[in-house]
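# Commentary on secondary and tertiary structure
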Amino acid sequence: MSDDSLSSKCELLLKEPEIRFAGFLDMMGNLVVGSFRDDVTPLKNEDERKKMFIEAVLRIRTRQDFNDNLGPVSYAAARRKNVVTFTFPLDDKVLFVSAEPTVDIDKTAYKIMDICSIENN
């Protein structure tokens, strides 16, 4: 997928009121495209976000070691006090999304997969 295509997917996600941030990461944890919704104040500074992105990609890559036995991961989510984060493994990218802490995780994950045309493994 081109960066323009990824960027347009992020823009679509950010139209959803429960989505705070949407971005695509490369397999080194670098943000390729993505941003916060305009009215959102980030909870972490840029350096902390970079560390979080690297950790997210490492977790995805580690989970892939179990694909043969358990099947591929469709998405992973973490509910925290102030935010819910989602990661979606794609071919050579990871979609990283943060949402409001009150979201229904499964409902929101399926909405994200639908908006981004991600197949449910």
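One structure accompanies this document, and this report is about it. Once a new chain begins, its residue numbering starts again from 1 and follows that chain's sequence as written. The predicted nature of this model means local features are confined to residues of pLDDT at least 70 and side-chain atom pairs, given and counted, to a pLDDT of 80 or more, with totals for whole chains, interfaces and linings taken over all residues. To get the side-chain values, take all heavy atoms of the structure and skip hydrogens and water.

Examined against the element boundaries, Lys9 turns out to sit in helix 1 (residues 3–13). For Lys9, which is buried and forms no salt bridge, the nearest opposite charge comes from Asp114, at a distance of 10 Å. Excluding residues that lie within four positions of it along the chain, Lys9 makes contacts with Met1, Phe24, Cys116 and Ser117. Secondary structure elements are taken from DSSP: a helix is a run of H or I of four residues or more, a strand is a run of E of two residues or more, and numbering for both begins at the N terminus. We call a residue buried when its accessible area falls under 20% of the maximum for its residue type, exposed when it is over 50%, and partly exposed in between, using a 1.4 Å probe and counting protein chains only. The sign given to each residue is positive for Lys and Arg and negative for Asp and Glu; His and the chain ends receive no count. Whenever Lys or Arg places a side-chain nitrogen within 4 Å of a carboxyl oxygen from Asp or Glu, that contact is recorded as a salt bridge. For this analysis, residues touch if any pair of their heavy atoms sits within 4.5 Å.

The topology assignment puts Cys116 in the segment after helix 4 (105–115). What makes Cys116 buried here is its relative accessible area of 3%. C-alpha separation for the pair Cys116 and Leu6, spaced 110 residues apart in sequence, amounts to 8.8 Å. Dropping the residues within four chain positions of it, Cys116 is found in contact with Lys9, Leu13 and Leu95.

What follows is about the pattern of salt bridges. All told, the structure shown has seven salt bridges when counted by the stated rule. The partner of Glu16 in a salt bridge is Lys111, and the shortest N-O contact between them spans 3.0 Å. Taken together, the positions of Glu16 in the loop between helix 1 and strand 1 (19–25) and Lys111 in helix 4 put the pair 95 residues apart, joining distant regions of the chain. Notably, a salt bridge pairs Glu100 with Arg37, separated by 4.0 Å at the nearest N-O pair. Of this pair, Glu100 sits in the loop between strand 5 (94–99) and helix 4 while Arg37 sits in the loop between strand 2 (31–36) and helix 2 (46–63); the two residues are 63 residues apart in sequence, bridging distant segments of the chain.

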